[in-house]
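Read off the chains here:
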Amino acid sequence: MSGNDVACARSRVLGAVVVASLMVFAPAGFAVNKCVGADGKVTYTDGPCGGGSQVTRVETPPPLTREEQAAAMSRSEGLVREAREMEARRAREAAERRRYEDMQRESEAQRRQEEQDEAARLSRMSAQPVYAAPIYPMPLRYRPHSVLPPGTQPAPVAPPAKMRAYPFR
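Here's what I pulled together on the structure shown here. Worth saying up front: this structure is predicted, and the values here are computed from it rather than measured. (Residues numbered from 1 in each chain as written. Predicted model: local features only at pLDDT ≥ 70, side-chain atom pairs only at ≥ 80, totals over all residues. Heavy atoms only, no water.)

**Some details on the overall build of the chain**
Looking only at helices and strands, the chain has two helices and three strands in total. Walking the chain from its N terminus toward its C terminus, one meets helices and strands in the order α-β-β-β-α. Look at the contacts in the chain between residues 6 or more apart in sequence, and 35% of them connect residues 24 or more apart. Counting every atom, the chain has about 16400 Å² of accessible surface; 60% of that belongs to carbon and sulfur. (Helix = DSSP H or I, 4+ residues; strand = E, 2+ residues; numbered from the N terminus. Contact = heavy atoms within 4.5 Å. Areas by Shrake-Rupley, 256 points an atom, 1.4 Å probe, with all protein chains shown as cover.)

**A few points about the sheet that holds strand β2 (residues 42-45)**
Taken in spatial order, the three strands of this open sheet run β2-β1-β3, and their pairing is antiparallel. Either end of the sheet is taken by a strand with one partner, and the two such strands are β2 and β3 (54-59). Pairs of neighbouring strands in the sheet enclose a mean axial angle of 25°, with direction left out of account. (Pairing = 2+ DSSP bridges. Axes fitted to C-alpha atoms, helices over the stretch in contact; angles between N-to-C directions.)

**Some points on the pairing of strand β1 (residues 31-36)**
The pairing of β1 with β3 spans six bridges and is classified as antiparallel. Residue pairing for β3: V36 is matched across the bridge by Q54. In sequence, β1 turns back onto β2 through a hairpin of five residues, with G40 there showing a positive phi of about 90°.

**Focus: the pattern of salt bridges**
One pass over the structure, following the stated rule, counts seven salt bridges. A salt bridge links D102 to R105; the nearest nitrogen and oxygen atoms lie 2.3 Å apart. One end of the pair, D102, and the other, R105, are both in helix α2 (residues 66-127), three residues apart, so they sit about a helical turn from each other. (Salt bridge = Lys/Arg side-chain N within 4 Å of Asp/Glu carboxyl O.)

**Concerning the side chain of N33**
Here N33 is to be found in strand β1. Within polar-contact distance, the side chain of N33 engages the backbone oxygen of G47 at 2.6 Å. When residues no more than four places from it in sequence are discounted, the contact partners of N33 are T43, Y44, T45, G47, P48, C49, V55, T56 and R57. (Polar contact = N/O pair within 3.5 Å; in protein donor to acceptor, adjacent residues only side chain to side chain.)

**Digging into the state of the cysteines**
Summed over the entire model, instances satisfying the criterion amount to one disulfide. The disulfide partner of C35 is C49, and the gap between their sulfur atoms is 1.6 Å. Between C35 and C49 the sulfur-sulfur dihedral comes to about -70°; the bridge is accordingly left-handed. Placement of C35 in strand β1 and of C49 in the loop between β2 and β3 is noted, with a sequence separation of 14 residues between them. The buried category is assigned to C49, whose relative accessible area is 19%. (Disulfide = S-S within 2.5 Å. Buried < 20%, exposed > 50% of the residue type's maximum accessible area, 1.4 Å probe, protein only.)

**Considering the pairing of β2**
With four bridges connecting them, β1 and β2 associate as antiparallel partners. Counted as the bridge partner of C35 is T43 from β2.

Okay, here's the thing in structure tokens:
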């Protein structure tokens, strides 16, 4: 091996050691700087802020483990499923409300149509002249009165007795 190859290999090993130590000894999260400029504009950066800026350090949480990511994915899938179910339920309820309103409108239209038909029927009836059917008297059966022989007169009837005043004594 030449000296150049040895130096190259040493630098690779040294680089790997530095990266590994950074991963092991790195803080839990990544630091982000919040820079508020002189004009009040807020910017976030992982590098240094520009001159004349007020710097505030914002700590971010550490990256999630595979288990935490899987749990978060299952929770998010559950929330998405619940949201879809809720949207479907609301769509069903809206469709049911529309059907009910349509039935009410149809019922109201049918009632108005029936009222119009009845009004038209009454109008037609009032437009037609009403003829009275002739009423003929019942024919009387002729019964001749009994004829009394001339000289016999019926006995005169006595007038009814007058009623006495109350209390009767």
